[in-house]
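Residue-level structural notes
Below, each chain spelled out in residue letters.
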Amino acid sequence: MYRSILLPLDGSEPAEQAIPLAMEIARRAGAVVHPVHVYVPDEAWRDMESITPYQFEHEVSYEGEYQREEQERERRYLEAIARRARDEGVAAEPELLGGRVESALIEHAGRVDADLIVMTTHGRGPVERAWVGSVADRVVRQSPVPVLLVRPVAEATPAEARPPVLENVLIPLDGSEHAESVLGPATELGKLWGARCTLFTVVRPGGILSRAEPEKQRAEKAKEEAARAYLSQVAARLQGDWAQVDVEIADEWSVGGAIVWTADRLGADAIALSTHGHGGLRRLFLGSVADKVIRGASVPVLVTRPRESS
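Residues numbered from 1 in each chain as written. Predicted model: local features only at pLDDT ≥ 70, side-chain atom pairs only at ≥ 80, totals over all residues. Heavy atoms only, no water.

With that settled, the discussion passes to the overall build of the chain. When helices and strands are tallied, the chain shows 11 helices and 11 strands. For the chain, buried positions account for 48% of its 310 residues. Long-range pairs, those at least 24 residues apart, make up 78% of the contacts in the chain with a sequence separation of at least 6. Total accessible area computed for the chain in this model is approximately 15,800 Å², and 50% of it derives from carbon and sulfur atoms. (Helix = DSSP H or I, 4+ residues; strand = E, 2+ residues; numbered from the N terminus. Buried < 20%, exposed > 50% of the residue type's maximum accessible area, 1.4 Å probe, protein only. Contact = heavy atoms within 4.5 Å. Areas by Shrake-Rupley, 256 points an atom, 1.4 Å probe, with all protein chains shown as cover.)

Let us now look at the packing of helix α10 (residues 255-266) against helix α11 (residues 289-296). Close contact between α10 and α11 brings their axes to 8 Å; oriented N to C, the two are set at 35 degrees. The two elements α10 and α11 meet at a crossing, and its hand is right-handed. Here Val 255, Gly 256, Ile 259 and Val 260 of α10 lie close against α11, whose contacting residues are Val 289, Lys 292, Val 293 and Gly 296. Among the residues forming the contact of α10 with α11, the class breakdown is 5 nonpolar, 2 polar and 1 charged. (Axes fitted to C-alpha atoms, helices over the stretch in contact; angles between N-to-C directions. Left-handed = near helix turned anticlockwise from the far one by under 90°. Nonpolar A, V, L, I, M, F, W, Y, C, P; charged D, E, K, R; others polar.)

Within the fold, Ile 271 resides in strand β10 (residues 270-274). Note on Ile 271: relative accessible area 0%, which makes it buried. For the pair Ile 271 and Cys 197, spaced 74 residues apart in the sequence, the C-alpha separation amounts to 9.5 Å. When neighbours within four sequence positions are excluded, Ile 271 is seen to be in contact with Leu 170, Pro 172, Ile 259, Ala 263, Val 293, Ala 297, Val 299, Pro 300, Val 301 and Leu 302.

Another aspect to go through is a negative patch on the surface. A cluster of acidic residues, Glu 224, Glu 225, Asp 251 and Glu 252, forms a negative patch on the protein surface. Looking at the element boundaries, Asp 251 is found in the loop between β9 (245-250) and α10. (Patch = residues over 30% accessible without salt bridge, like charges linked within 9 Å, V, L, I, M, F, W, Y side chains within 5 Å. Salt bridge = Lys/Arg side-chain N within 4 Å of Asp/Glu carboxyl O. Lys, Arg positive; Asp, Glu negative; His and termini not counted. Charge placed at Lys NZ, Arg CZ, Asp CG, Glu CD.)

Here it is, written out as structure tokens:
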């Protein structure tokens, strides 16, 4: 059960699009939300010195005053988010942090015993500038707890402004224990909505020539049957935890693409997957499959990292 949720923010509208989902999860789970921002000193005045023929007077005292004002403004911002949470019946404990952004977030998650981090894939700046590959990417790679990534939209429509729902979750698996590490966190999330889930795997095709060779056709069919039997076994284990458990198999070359396409086709509200899959810790999904899913999905993506990879 989720009891403590870390909500990283940077003051931008894209980052704030994670707030409704974090609040709804906390409300349903009875969890505490921790809105946090990592203060990074503004070096603008020092940068100006390099392009001007003079130095600013009283630089040190002015810089200190400027930074104190910035920090106070950011504390007020976090407190406003916390008041919004409390008005919705959600306990909130805001905190202004310092240091390297991803390290500060991970360390604070440990201090507050966070069991979930909810953040957007994009932060300060235009939507085209992604955190994935920077802050969100490094948080996912380092976090010992699940990270729920929300992809912000440039302009929210009335439908997108409705209360978040996670009633239909797609869970990609590949037969490995590492990939299955997402099942627990995904199930805890699904229980909050009484959701249904679809277990999904991709069986890569054998190629055009296999269609003309009976032996290869039989091998392909055996792979599909084995994949379906595996998913059915996992589904049987999850029957009591989800309102409904379905299984889906795709025959595609692009695993990441197949996951995104299937989520769209099924009308999934979220995708849940592990950063590690078949082949163990040496094969990192992030940067390949998980990265493609995070970048391509229009719905939130719950990402977990197997404990052995820490």
